[in-house]
Amino acid sequence: LGFAVSLTDSDDEVLEAARAFGPDLIVSASYRKRIRGPVLDLARECINFHPSLLPRHRGCWSGFWTIFEGDEETGVTCHRMVEEFDKGRILHQERCAVSPDDTSAS
């Protein structure tokens, strides 16, 4: 498709790469750090795919908390990204049952 993919934990590197790319859309999937405002401001739309049913289990380790809390269902949430962690408007959710033998890795 003609674009580079990279993985970094440096806020400065993320901002530099995003600024150079000039995105119309930013998509994140289970990124373990909060994406800061200067990066979010670069695109008209910024969405994240979070591995739980928000607003429950915001942040990291949502799979662990799903099992630990005894939830009967889990899923994936697509939401708009805002500066507050996992608090943007929910756009869509897909739900699935948690089996009695599930673990945080399953």
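See the structure above.
This write-up is about the structure you can find in this document. (Residues numbered from 1 in each chain as written. Predicted model: local features only at pLDDT ≥ 70, side-chain atom pairs only at ≥ 80, totals over all residues. Heavy atoms only, no water.)

## Some points on the sheet that holds strand S4 (residues 90-97)
Taken in spatial order, the 4 strands make up an open sheet running S1-S2-S3-S4, and their pairing is mixed. The strands lining the two open edges of the sheet, one partner per strand, are strand S1 (25-29) and S4. Neighbouring strand axes in the sheet, compared pairwise and without regard to direction, differ in orientation by 10° on average. Of the strand pairs in this sheet, strand S2 (residues 45-50) and strand S3 (residues 73-80) are connected by 4 bridges, and their pairing is antiparallel. In the sheet register, Phe 49 faces S3, and the bridge partner there is Cys 78. (Pairing = 2+ DSSP bridges. Helix = DSSP H or I, 4+ residues; strand = E, 2+ residues; numbered from the N terminus. Axes fitted to C-alpha atoms, helices over the stretch in contact; angles between N-to-C directions.)

## Quick notes on the side chain of Asp 86
Residue position: Asp 86 is located in the loop between S3 and S4. For the buried residue Asp 86, which engages in no salt bridge, the nearest side chain bearing the opposite charge is Arg 58, 6.2 Å off. Setting aside residues no more than four positions away along its own chain, Asp 86 makes contact with Asn 48, His 50, Leu 54, Arg 58, Gly 59 and His 79. (Buried < 20%, exposed > 50% of the residue type's maximum accessible area, 1.4 Å probe, protein only. Lys, Arg positive; Asp, Glu negative; His and termini not counted. Salt bridge = Lys/Arg side-chain N within 4 Å of Asp/Glu carboxyl O. Contact = heavy atoms within 4.5 Å.)

## Looking at the layout of surface pockets
Here the largest pocket is characterised by a volume of approximately 870 Å³. Considering the residues around the largest pocket, the lining is formed by 22 residues, among which Ala 4, Ser 6, Val 14, Ile 26 and Val 27 are closest to the centre. Contributions of two or more residues to the lining of the largest pocket are made by helix H1 (11-21) and S1. Estimates place the volume of the second largest pocket at around 310 Å³. Around the second largest pocket, the lining is made up of 23 residues, and of these Ser 30, Tyr 31, Arg 32, His 50 and Phe 85 lie nearest the centre. (1 Å grid on protein atoms, 1.4 Å probe; cavity = no way out; pocket = protein on both sides within 12 Å on 5 of 7 lines; lining within 4 Å. Points joined across faces, edges and corners; volume = space filled by probe spheres on them.)

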